[in-house]
Number of protein chains: 2
Amino acid sequence: MKSIKDNKIEVEMNRGFLQIMVLLALETPMYGYMMLRFIEEIGYSVEENTLYPMLRRLKKNGWVSSKWDVEHDRPKKYYEITKKGKTIRSKLLSIWQTQNGVIKKLLKEVENG
Amino acid sequence: MKSIKDNKIEVEMNRGFLQIMVLLALETPMYGYMMLRFIEEIGYSVEENTLYPMLRRLKKNGWVSSKWDVEHDRPKKYYEITKKGKTIRSKLLSIWQTQNGVIKKLLKEVENG
DNA sequence: TTGACATACTGTGTGATATACAGTATTATT
DNA sequence: AATAATACTGTATATCACACAGTATGTCAA
């Protein structure tokens, strides 16, 4: 019986979190490769194969906008959060807070037997 | 162009969180329907159609065990976290903490311009 | 005493997602 | 001249949240 590999456990966590992280980061315009390095700087890491499709999806949803910079070096696609994106981001953050509260409460119960 | 509905935003958050919540809750043995009500009591909510498949999946992964109670009323399938489940739970909680730290840091930057 | 509703599940299907894989092209670096 | 790093695109795949359909028992009002 096939089941998920325990060493790939981070994957299980990424769905909700990655979006919040990216939408917060895009307060400042950034292109994909730049964000990969930015995320490492702040102590996390994302797969290139995860970030690029996610940026495309956020764009499709209208949560971020994009703009090519062709004036310096090779072309870079700068993304930035939209007004709609900020609305969504607030909702996601609020859900995150609720979930964080639930986890804290349950964790306390487990720790105190 | 099809895109996700904004009012279904909670879905985006559930992947990682639901597992932690269920694995914490299952410190005490519970059957599915009981957990649905328990989760509402502590201020959250899960779809029946999400919880049951999740319990089956956690079982398949060996993170929880199950046992039928056929002695009272109608049959109830009690689940409980396993040793392996506790190991996974620790890892998930640790990832959650890291992610929470990343969000807090980014949020502070956004708020302070 | 029946029929509606809550309880307590199972099995299979679907659409969206994280990631894989393959590929294009430019700019350092050695 | 070759290699690595940069900076992307497009399509494929496995898994997940949730939908849908179904089974069966217990409760309680009309």
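Structure first, text after, so check above.
Residues numbered from 1 in each chain as written. Chains lettered and ligands numbered in written order. Predicted model: local features only at pLDDT ≥ 70, side-chain atom pairs only at ≥ 80, totals over all residues. Heavy atoms only, no water.

**A look at a positive patch on the surface**
This is how the line gets drawn: Like charges within 9 Å and nonpolar side chains (Val, Leu, Ile, Met, Phe, Trp, Tyr) within 5 Å are joined into patches, using only residues over 30% in relative accessible area that form no salt bridge. Note on areas: Shrake-Rupley, 1.4 Å probe, and residue coverage restricted to the protein chains presented here. Counted as salt bridges are all cases of a side-chain nitrogen of Lys or Arg within 4 Å of a carboxyl oxygen of Asp or Glu. Charge convention: Lys and Arg are scored as positive, Asp and Glu as negative, and His as well as the terminal groups of each chain are ignored. Each charge is placed at NZ for Lys, CZ for Arg, CG for Asp and CD for Glu. Working definition: helices are DSSP H or I runs of at least four residues, strands are E runs of at least two. Numbering for both runs from the N terminus. The buried label goes to any residue with under 20% of its type's maximum accessible area, the exposed label to any with over 50%, and the partly exposed label to all in between, with areas taken from a 1.4 Å probe on protein chains only.
Together, A:Lys104, A:Lys108, B:Lys104 and B:Lys108 line one region of the surface with positive charge. Of all the elements in the fold, those that place two or more residues in the positive patch are helix H4 (83-111) of chain A together with helix H4 (83-111) of chain B. In this structure, A:Lys104 sits in helix H4. A:Lys104 gets classed as exposed once you look at its relative accessible area, which sits at 53%.

**Observations regarding the protein's contact with DNA strand C**
Inclusion rule: What makes a residue near a molecule or strand is one non-hydrogen atom of that residue sitting within 4 Å of it. Two N or O atoms count as a polar contact when they lie within 3.5 Å, although within protein this holds only if one can serve as hydrogen donor and the other as acceptor, and sequence-adjacent residues are included solely when both atoms are side-chain atoms. All amino acids are sorted into three groups, where Ala, Val, Leu, Ile, Met, Phe, Trp, Tyr, Cys and Pro are nonpolar, Asp, Glu, Lys and Arg are charged, and the leftover types, Gly among them, are polar.
Taken together, 26 residues are adjacent to DNA strand C, and A:Asn49, A:Thr50, B:Tyr33, B:Arg74 and B:Lys77 come closest. Close to the protein, within 4 Å, the atoms of DNA strand C are drawn from sugar and phosphate at a rate of 65%. Within the side chain of A:Glu47, a nitrogen or oxygen atom sits 3.0 Å from a phosphate oxygen of DNA strand C. Note that a base nitrogen of DNA strand C is positioned 2.8 Å from one of the side-chain N or O atoms of A:Asn49. Counting only elements with at least two residues in the surface near DNA strand C, the list comes to helix H1 (11-25) and helix H3 (48-60) of chain A together with helix H2 (32-41), helix H3 (48-60) and strand E3 (76-81) of chain B. At 5 residues, H3(A) tops the list of elements feeding residues into the surface near DNA strand C. In terms of residue class, the surface near DNA strand C is made up of 9 nonpolar, 4 polar and 13 charged.

**What to know about the interface of chain B and chain A**
Operational definition: We call two residues in contact whenever any of their non-hydrogen atoms come within 4.5 Å of each other. A quick way to say it: buried area is the sum, across both parts, of accessible area lost when two parts are put together, with a 1.4 Å probe.
Opposite the 44 residues of chain B that make contact, chain A presents 44 residues. Buried surface at the junction of chain B and chain A, summed over both partners, amounts to about 4500 Å²; 71% is from carbon and sulfur atoms. On the chain B side of the interface with chain A, the three residues burying the most area are B:Met13, B:Arg15 and B:Ile103, jointly 15% of the side's total. Seen at the junction of chain B and chain A, the total is 0 salt bridges. Counting across the interface, chain B meets chain A through 4 residue pairs in polar contact (both at pLDDT 80 or more). Put simply, the parts of the chain that give the side of chain B that touches chain A at least two residues each are helix H1 (11-25), H3 and H4 of chain B. Ranked by the residues each element gives to the side of chain B that touches chain A, the list is headed by H4(B), at 17 residues. A per-class count over the side of chain B that touches chain A returns 23 nonpolar, 9 polar and 12 charged.

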